[in-house]
Amino acid sequence: MGRTRLYRNGELVSSDFPVTDVSRHLQDQSAIVWFDLCAPSEDEIGLLRDELGLHELAIEDAFSERQRPKVDRYPTHLFLSVYAVRYEQHEIRTCEVDVFVARNALVTVRESEDYDLAGVLRRWDSAPTLASSGIGFLLHGLLDDVVDGHYAAAQQLDDDIEALEDRIYDEKPHVGRKALQLRRALVQLRRVALPMREVLGSLLHREHELVDDVMMPYYLDVKDHTLFIAELTESMRELVTNLREAEVAVQGNRLNSIMKKVTSWAAIIAVPTAISGYYGMNVPYPGFEQRWGFWVSTLGIFGLSYFLYVMFKRRDWL
């Protein structure tokens, strides 16, 4: 996978050249250069500072951990901080991607190889006719790939939440721990995905002169995706919040059903207990020491127990 590219007059003329050649290519006013730095060394940081003339505050932000997704404007360039995400095993994995946008250079700084640029390169190669839009075209490919990653993670998270919601009605749901996992993942996703609305909105301002008329519809499409992700995560937050409440309600209903059954069987068992206890008294009573008295009590036990069983069954207590 190439980490450098050179465009001239809207055409890709070179790739995979050494990063040290970037400053030489930038002397050509018609050239557009992209290069990527992954966990950069001190020499590569010096290239950003000395050759490209990037602001020291932007460089400091790029190499500081956990910046908020944002767009900062400096006299000669823009600085963007975004996060690529990956959803694995009910957790959100993030990779910070910082972007320097100069007049004729796009620099991406990744904190690790967790974010693969293959999707970005594929987007650039699939639309060569848009390359004449220069930096705006390259930045769109990157942002589109990042936002699509947010969308894919949101969809997978939504599927897991719906599957967990269906499990609530199982015999032994035990969704409490899983619900907390999904809620934590949702919070992490919202933290990096929601600010993308502001990022896209800021880039669409005409004062940046970054997005031309050709690329404007493509940027608007990416912004629509960020709005959809925001709405999707908002609905998921309500679902996750209600999962535990729904589980408690289902458990309460199940407990009520169990209590009705236990009470019903207790009432049925009380009948033979009462009759046998009555006939266990050591006093004369109708049928005392008579065969027919035994059969009357026995039939009374079974008859009344059956009557209670039928009555409770009709009322759906058993």
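Up top is the structure.
Given the structure is predicted, the values throughout are model-derived calculations rather than measurements.

Enquirer: So what's going on with the pairing of strand S4 (residues 70–73)? Which residues, and what values?
Expert: Look at any regular strand and the pattern is simple: side chains alternate between the two faces of the sheet. The pairing of S4 with strand S5 (residues 78–88) spans four bridges and is antiparallel. By the bridge assignment for S5, Asp-72 is matched with Phe-79. Between S4 and S5, which follow one another and run antiparallel, lie four residues.

Enquirer: With reference to specific residues and values, describe the sheet that holds strand S1 (residues 4–8).
Expert: With mixed pairing, the seven strands of this open sheet are ordered in space as S2-S1-S3-S7-S6-S5-S4. Each end of this open sheet is capped by a strand with a single partner; those strands are strand S2 (11–15) and S4. Neighbour-to-neighbour, the strand axes of the sheet open up by a mean angle of 20 degrees, direction not taken into account. The sheet contacts of helix H2 (residues 42–51) involve strand S3 (31–38), strand S6 (91–101) and strand S7 (105–110), and relative to S3 the element is tilted by about 145 degrees.

Enquirer: Explain the environment of Met-196 residue by residue, including any values.
Expert: Residue position: Met-196 is located in helix H7 (residues 196–203). Judged by its relative accessible area of 0%, Met-196 is buried. Linking Met-196 and Val-82, residues 114 residues apart in sequence, is a C-alpha distance of 7.6 Å.

Enquirer: Hey, could you go over the nonpolar core for me, with residue numbers and the actual values?
Expert: Among the nonpolar cores identified, the biggest contains 62 residues, and Leu-80, Leu-139 and Leu-203 are the most heavily contacted of them. Of all the secondary-structure elements, those providing two or more residues to this core are S3, S5, S6, helix H4 (118–126), helix H5 (135–167), helix H6 (176–193), H7 and helix H8 (216–279). Among the elements that line this core, the one with the most residues is H5, at 13 residues. Of all hydrophobic cores here, the second largest spans 23 residues; its members include Leu-6, Leu-48, Leu-54 and Val-109.

Enquirer: How would you explain the packing of aromatic side chains if you had to name every residue and give the values?
Expert: Two aromatic rings, taken as a pair, are described by how far apart their centres are and by the angle between their planes. Going through the model one piece at a time under the given rule, you end up with four aromatic pairs. Both rings, one in Phe-79 and one in Phe-100, keep their centres 5.3 Å apart while their planes meet at 50 degrees; by these two values the pair is tilted. Here Phe-100 lies in strand S6 and Phe-79 lies in strand S5, a separation of 21 residues in the sequence. Per residue, the accessibility class of Phe-79 equals that of Phe-100, and both read buried. Ring plane angle 45 degrees and centroid distance 5.6 Å describe the contact between Tyr-151 and Phe-228, whose orientation is recorded as tilted. Taken together, the residues Tyr-151 in helix H5 and Phe-228 in helix H8 connect sequence positions 77 residues apart.

Enquirer: An account of the side chain of Asp-144 is requested, with residue identities and associated values reported.
Expert: The residue Asp-144 is located in helix H5 in this model. With relative accessibility at 13%, the residue Asp-144 sits in the buried group. Among all residues touching Asp-144, those that are not within four sequence positions of it are Arg-123, Val-222 and His-225.

Enquirer: Please provide a residue-by-residue account of the pattern of salt bridges, values included.
Expert: Applying the stated rule across the entire model yields 16 salt bridges. For Lys-70, the salt bridge identified is with Asp-61, shortest N-O distance 3.2 Å. The exposure class of Asp-61 is buried, given its relative accessible area of 16%. A salt bridge links Arg-86 to Glu-88; the shortest N-O distance between them is 2.6 Å. Take Arg-86: its relative accessible area is 31%, and that puts it in the partly exposed class.

Enquirer: Account for the state of the cysteines, with residues named and values stated.
Expert: Going through the model one piece at a time under the given rule, you end up with zero disulfides. Looking at the unpaired Cys-38, the closest cysteine sulfur is the one in Cys-95, lying at 7.1 Å. Judged by relative accessible area, which is 1%, Cys-95 ranks as buried.

Rules and cut-offs
Residues numbered from 1 in each chain as written. Predicted model: local features only at pLDDT ≥ 70, side-chain atom pairs only at ≥ 80, totals over all residues. Heavy atoms only, no water. Pairing = 2+ DSSP bridges. Helix = DSSP H or I, 4+ residues; strand = E, 2+ residues; numbered from the N terminus. Axes fitted to C-alpha atoms, helices over the stretch in contact; angles between N-to-C directions. Contact = heavy atoms within 4.5 Å. Buried < 20%, exposed > 50% of the residue type's maximum accessible area, 1.4 Å probe, protein only. Core = buried A, V, L, I, M, F, W, Y, C linked by side-chain atoms within 4.5 Å. Phe/Tyr/Trp six-rings, centres within 6.5 Å; stacked < 30°, edge-to-face > 60°. Salt bridge = Lys/Arg side-chain N within 4 Å of Asp/Glu carboxyl O. Disulfide = S-S within 2.5 Å.

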